[in-house]
Amino acid sequence: MPKIQEILETMDYGPAPEAAGAVLDWLKARGRFGHFVDGGFTRPGQTFATDNPATGEPLAEVTQGTAADVAAAVKAARAAQPGWARLPGHERATWLYAIARHIQKRERFLAVLESLDNGKTIRETRDIDIPLVARHFYHHAGWAELLEEEFPGARPLGVCGQIIPWNFPLLMLAWKIAPALAAGNTVVLKPAEYTPLTALAFAEICAEIGLPKGVVNIVTGDGDTGAALVAAEVDKIAFTGSTEVGRAIRQATAGSGKSLTLELGGKSPYVVFADADLDAAVEGVVDAIWFNQGQVCCAGSRILVHEPVAAAFTDRLKARLAKLRLGDPLDKSTDIGAIVHPVQLRRIRDLVAEGEAQGAVLHRLECQLPATGSFFAPAFATNVQPANILSEVEIFGPVATLATFRTPDEAVQLANNTRYGLAASIWSENVNLCLDIAAKVQAGVVWINATNVFDAGAAFGGYRESGFGREGAREGLRDYLATPAPKPRPEAPMPDLSAAPVPEAGGKARPGIDRTAKMYVGGKQRRPDSGQSYAVRGAKGAVLGLAGLGNRKDIRNAVEAAAGASGWGKATGHNRAQVIYYIAENLAAREAEFAARLASAGVKDASGEVAAAIRRCFWYAAQADKFDGAVHATKSAHVTLAMPEPFGVMGVACPNDAPLLGLLSLVLPAIAMGNRVVAIPAPSMPLAATDLYQVFDTSDLPGGVVNIVTGPRDELVQTLAEHDGVAALWYCGTPEGRAAVERWSAGNLKVTWCPENRDWRGPAGQGRGFLDRATQIKTIWVPYGE
């Protein structure tokens, strides 16, 4: 045994193992697990082993779920859902409170089980994961209590299918089950194939407290089981996992009417400015990329350092890396545990080898890896070009890249040089600089002088190919609720869009000067790229004029013009409101002219539609500077901001109905929130929309904010849906069109909304719901008080 003097000289840690006897006894007693369905465990079927990543030894046998197993679980959830939803909010709150209390009473048991099954260190499971699990159930017990007052008129979606990953098994379960139950839904959850054990322990807790049968159902299995759940008769799918699988789920659910939340991959920037506290920033890297062995979707895997301090920062990071301890996850002195599975370990090794072959220089912890288990030494890579695979691909392991930047603008360009948009971390003692960068990075979560901070009261979710929807806080709960659907109204029949000439009805000559309506792109009238037009007929078949036949090139030009009008999103809400008020003013000055145009197209009560359009301008102008974010109550020493941000470029495909009001009801909420729009007006009645560009031109609307492309809606919308420069798309059309739009949009995982046609003059034609769908929440964690 070393002497005290020797210990003080070396400062070596002694062994500090966490006892695992109680968990191992529980596993031995259970042996083989079935599914948890309708309040009890089924008999085990065909099973597979779940192993301890730190040793490779099997822990238990778990049943491989089949389509029949999933169907049985969905049936149980469906039967239980009406009764669960009918419970008073207070009663659901007491059940969630009971779950939270029992999780706290089993904290150490669950922490050890999670470490054994996942390979993460006991310090992480004990101090971070399990306390956050309890926090989520407590938080959502509060939402269950307040639901009726805070979300009046909302109702649960029904049965929710939930698929969770292996990196935070029990925490991801809590993120999904807690809001679903609070909102009155029932759930069928599939845990990850590699890490199902804490979900099965949670099922026992549900049985222990006497949770009503069928409210929570857990079916274990691999990807085939998950696919069966996606295809099952559920009302919502909530998925956390890889972008590739998320894209497949988007395609599989297209046109099904299922609500969808996707929390996907990331390649998050970690930006360090010259005036940052370098020691704190270095310690932050430990939490950003080496926390949980880098198996974190929002890991700060791209370190960007200001050139003046790059050398000093790199030296300090190497020194800190050398002090990390890799080993037994159950040892309380361990910093780096095991990789979850040999398959994931091979993937990390292959990516790192390819990155080194492309020129990257790897700096890794020099240590003796354990003889058994799946371990990878933490590292970071320098001399990494933006095209290096380590810069582009989500490694999902304890490996970061380190690059430099010269100016804040270059830092933003590098930070946004990714298809993902999940999180970002910004380090500087200049809070003005931090908030400026926070507004410019394209990420759903931004930490200032912090990283990987989570709380049930803060929304979490991404932009772009990191998915859509939010988990946590009010925003996350909203994704588990439905609002009453308006009464659908049929569209007008689609017209013949032939470019061939047609004779006038009755052979009468057209009075006045002939005018051909043009496209409106970038603030200018544009002829269609095809050079062709189609006849627009009135109610009695008379040709009212010609409208351009737009094509893919016209849509691409319009998207380019919209992208160039980015200053609109930076304008204040007051300034945007003034422009929209001005649109109303100029539309009112031409009210009789627009009413006559609509009447000739066969619109009943044309004057009423124009009057409603003017009122709609006023309503969204009023909202432009009043649709606010929130400050959420989360952790001490932080102000957590929920900022509604515009998507950027939005596509809007209008109903073939209400040619003026239908278009403005969709365009106005989008531009009021700072988006730029490419709109496809009603194909049979586009002339009211093309007349609007004269109103826009006299209303100080910047060129490119609204672009109008006429022609075959369901053909043009495909180009919008497949365009990577379009961040969100609204489509109001046929059921077949809705399915196609959702399927086409899977390329860059853009947010879609496909409302049914409705009475646009009534209450369903406007509301905060439109504004919610025209924005995405950015959560910003700002230091406060310390």
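Residues numbered from 1 in each chain as written. Predicted model: local features only at pLDDT ≥ 70, side-chain atom pairs only at ≥ 80, totals over all residues. Heavy atoms only, no water.

1. Thoughts on the overall build of the protein chain
Helix and strand content of the protein chain: 27 helices and 33 strands. Whereas a compact globule of 786 residues would reach a radius of gyration of roughly 28 Å, the protein chain reaches 28 Å, a difference of no more than 12%. Taking the principal axes of its C-alpha atoms as reference, the protein chain extends roughly 110 × 65 × 45 Å. Taking the contacts inside the protein chain whose residues are at least 6 apart along the sequence as the reference set, 77% of them involve residues at least 24 apart. As displayed, the protein chain has an accessible area near 30400 Å², and 53% of this comes from carbon and sulfur atoms. If you average the places of the 77 positive and of the 84 negative side-chain charges in the protein chain, the two averages end up 5 Å apart. (Helix = DSSP H or I, 4+ residues; strand = E, 2+ residues; numbered from the N terminus. Rg over C-alpha atoms; globule rule 2.2 N^0.38 Å. Contact = heavy atoms within 4.5 Å. Areas by Shrake-Rupley, 256 points an atom, 1.4 Å probe, with all protein chains shown as cover. Lys, Arg positive; Asp, Glu negative; His and termini not counted. Charge placed at Lys NZ, Arg CZ, Asp CG, Glu CD.)

2. Side note on the packing of helix H5 (residues 107-118) against helix H6 (residues 122-150)
Across the interface, H5 lies against H6 with an axial gap of 9 Å and an inter-helix angle of 125°. Taken together, the axis directions place H5 and H6 in an arrangement best described as oblique. Helix-helix and strand crossings are classified by hand; for H5 and H6 the assignment is right-handed. Contact with H5, carried on its side by Glu107, Arg108, Leu110, Ala111, Val112, Glu114 and Ser115, involves Ile122, Thr125, Arg126, Ile130 and Pro131 of H6 and no other residues of that element. (Axes fitted to C-alpha atoms, helices over the stretch in contact; angles between N-to-C directions. Parallel < 35°, antiparallel > 145°, perpendicular 65-115°, else oblique. Left-handed = near helix turned anticlockwise from the far one by under 90°.)

3. Points about the sheet that holds strand E1 (residues 32-33)
The pairing of strands in a sheet happens through backbone hydrogen bonds and is either parallel or antiparallel. What the three strands build is an open sheet, ordered E1-E5-E4; its pairing is mixed. A single partner strand is all that each edge strand has here, and the edge strands are E1 and strand E4 (47-51). Looking at chain direction, E4 and strand E5 (residues 58-63) are connected through five bridges and run antiparallel. Bridge assignment links Thr50 to a residue of E5, and that residue is Ala60. Sheet strands touched by helix H8 (residues 197-209): E1, E4 and E5. Its angle to E5, the strand with the most contacts, is close to 65°. (Pairing = 2+ DSSP bridges.)

4. Topic: the pattern of salt bridges
A full pass over the atoms with the stated rule returns 29 salt bridges. The salt bridge involving Arg761 is made with Asp605; its shortest N-O contact spans 2.8 Å. One end of the pair, Arg761, is in the loop between strand E32 (751-753) and helix H27 (768-773); the other, Asp605, is in the loop between helix H21 (591-600) and helix H22 (606-624), and 156 residues separate them in sequence. What makes Arg761 partly exposed here is its relative accessible area of 31%. With its nearest N and O atoms 3.9 Å apart, the salt bridge here joins Glu756 to Arg738. (Salt bridge = Lys/Arg side-chain N within 4 Å of Asp/Glu carboxyl O. Buried < 20%, exposed > 50% of the residue type's maximum accessible area, 1.4 Å probe, protein only.)

5. Things to note about the nonpolar core
Counting residues in hydrophobic clusters, the biggest one holds 119 residues, and the most contacted among them are Phe137, Phe202 and Phe313. Ignoring sequence-local partners within four residues, the contact set of Phe137 consists of Leu96, Ile99, Ala100, Ile103, Leu173, Ala174, Ile177, Ala178 and Phe202. (Core = buried A, V, L, I, M, F, W, Y, C linked by side-chain atoms within 4.5 Å.)

6. Considering helix H10 (residues 243-253)
Burial in H10 covers these residues: Thr243, Gly246, Arg247, Ile249, Arg250 and Thr253. Here the buried residues of H10 occupy an arc of 160° about the axis, which is enough to place them on one side. Where the residues of H10 are buried, they touch helix H9 (223-231), strand E10 (236-240), strand E11 (259-263), strand E19 (467-468), helix H26 (735-744) and E32. Positive phi appears at Gly255, one or two residues downstream of H10, with a value of about 80°. (Arc of directions from axis to C-beta.)

7. Focus: the sheet that holds strand E25 (residues 543-548)
What the three strands build is an open sheet, ordered E21-E25-E24; its pairing is mixed. Each having just a single partner strand, strand E21 (516-517) and strand E24 (533-537) make up the two edges of the open sheet.

8. Some details on unusual backbone geometry
Glycine aside, the phi torsion of most residues is negative, and most peptide linkages are trans. With a phi close to 50°, Asn449 is a non-glycine residue in the positive phi region. Of note, Asn449 is situated in the loop between strand E18 (445-448) and E19. Judged by relative accessible area, which is 25%, Asn449 ranks as partly exposed. Positive phi is not limited to glycine here, since Ala473 has a value of about 65°.

9. Points about the packing of aromatic side chains
Throughout the structure, instances matching the rule amount to 21 aromatic pairs. For the ring pair Tyr581 and Phe618, a centre distance of 5.0 Å and an interplane angle of 70° mean the geometry is edge-to-face. Pair noted here: Tyr581 is in helix H20 (residues 573-589) and Phe618 is in helix H22, with a separation of 37 residues, a long-range link. According to the relative accessible area criterion, Phe618 is partly exposed, its value standing at 44%. (Phe/Tyr/Trp six-rings, centres within 6.5 Å; stacked < 30°, edge-to-face > 60°.)

10. Focus on the environment of Gly767
The residue Gly767 is located in the loop between E32 and H27 in this model. We classify Gly767 as buried; its relative accessible area is 15%. Through-space distance from the C-alpha of Gly767 to that of Val431 is 35 Å; in sequence the pair is 336 residues apart. Here Gly767 is in contact with Trp619 and Tyr620, once residues within four sequence places are set aside.

11. Concerning helix H2 (residues 21-30)
All of the buried residues along H2 are Val23, Trp26 and Leu27. With its buried residues spanning 95° around the axis, H2 presents them on a single face. Relative to its buried face, H2 has exposed residues pointing more than 90 degrees away, namely Ala22, Asp25, Lys28 and Ala29. Two residues or fewer after H2 comes Gly31, characterised by a positive phi angle close to 70°.

12. Considering the packing of H21 against helix H24 (residues 687-697)
Two quantities define a packed helix pair, namely the angle between the helix axes and the distance between the axes. One way to put it is that H21 packs onto H24 with a least axis distance of 10 Å and a crossing angle of 165°. By the criterion of interaxial angle, the relationship of H21 to H24 is roughly antiparallel. Seen from above, H21 lies across H24 with right-handed handedness. Between H21 and H24, the contacting residues are Phe594, Arg597 and Leu598 on the first element and Leu687, Ala688, Asp691, Leu692 and Val695 on the second. Residues that form the contact of H21 with H24 fall into these classes: six nonpolar, no polar and two charged. (Nonpolar A, V, L, I, M, F, W, Y, C, P; charged D, E, K, R; others polar.)

13. Comments concerning the environment of Leu317
Structurally, the position occupied by Leu317 is in helix H12 (residues 310-322). Overall, the relative accessible area of 0% leaves Leu317 in the buried class. Between the alpha carbons of Leu317 and Tyr581 there is a distance of 54 Å; along the sequence they are 264 residues apart. With residues near it in sequence (within four places) discarded, Leu317 still touches Val282, Val285, Trp290, Ile303, Phe380 and Leu402.

14. A closer look at the pairing of strand E7 (residues 159-163)
Of all five residues in E7, five are buried; the element is thus mostly enclosed. Residues Val159, Gly161 and Ile163 point to one face of E7 and Cys160 and Gln162 to the other, with burial holding for every one of them. Taken together, the five bridges between E7 and strand E8 (residues 186-190) define a ladder with parallel strand orientation. Looking across to E8, one finds that Gln162 is bridged to Leu189. In terms of strand pairing, E7 meets E10 through four bridges, oriented parallel. Residue Gly161 lies in a different strand from E10, and its bridge partner there is Ile237.

15. Observations regarding the environment of Glu410
When you line up the elements, Glu410 lands in helix H15 (residues 408-415). The exposure class assigned to Glu410 is partly exposed, which follows from its relative accessible area of 27%. For the pair formed by Glu410 and Leu132, sequence separation is 278 residues and the distance between their alpha carbons is 36 Å. Those residues within four positions of Glu410 in sequence are excluded, and the remaining contacts are Thr404 and Phe405.

16. Some words on the state of the cysteines
What the rule picks out here adds up to zero disulfides. The structure places no disulfide on Cys434, whose sulfur is separated from the nearest cysteine sulfur, that of Cys298, by 18 Å. You can call Cys434 buried: its relative accessible area is 0%. For Cys732, which is in no disulfide, the shortest distance to another cysteine sulfur is to Cys654 and amounts to 8.2 Å. By relative accessible area, which is 1% here, Cys732 ends up buried. (Disulfide = S-S within 2.5 Å.)

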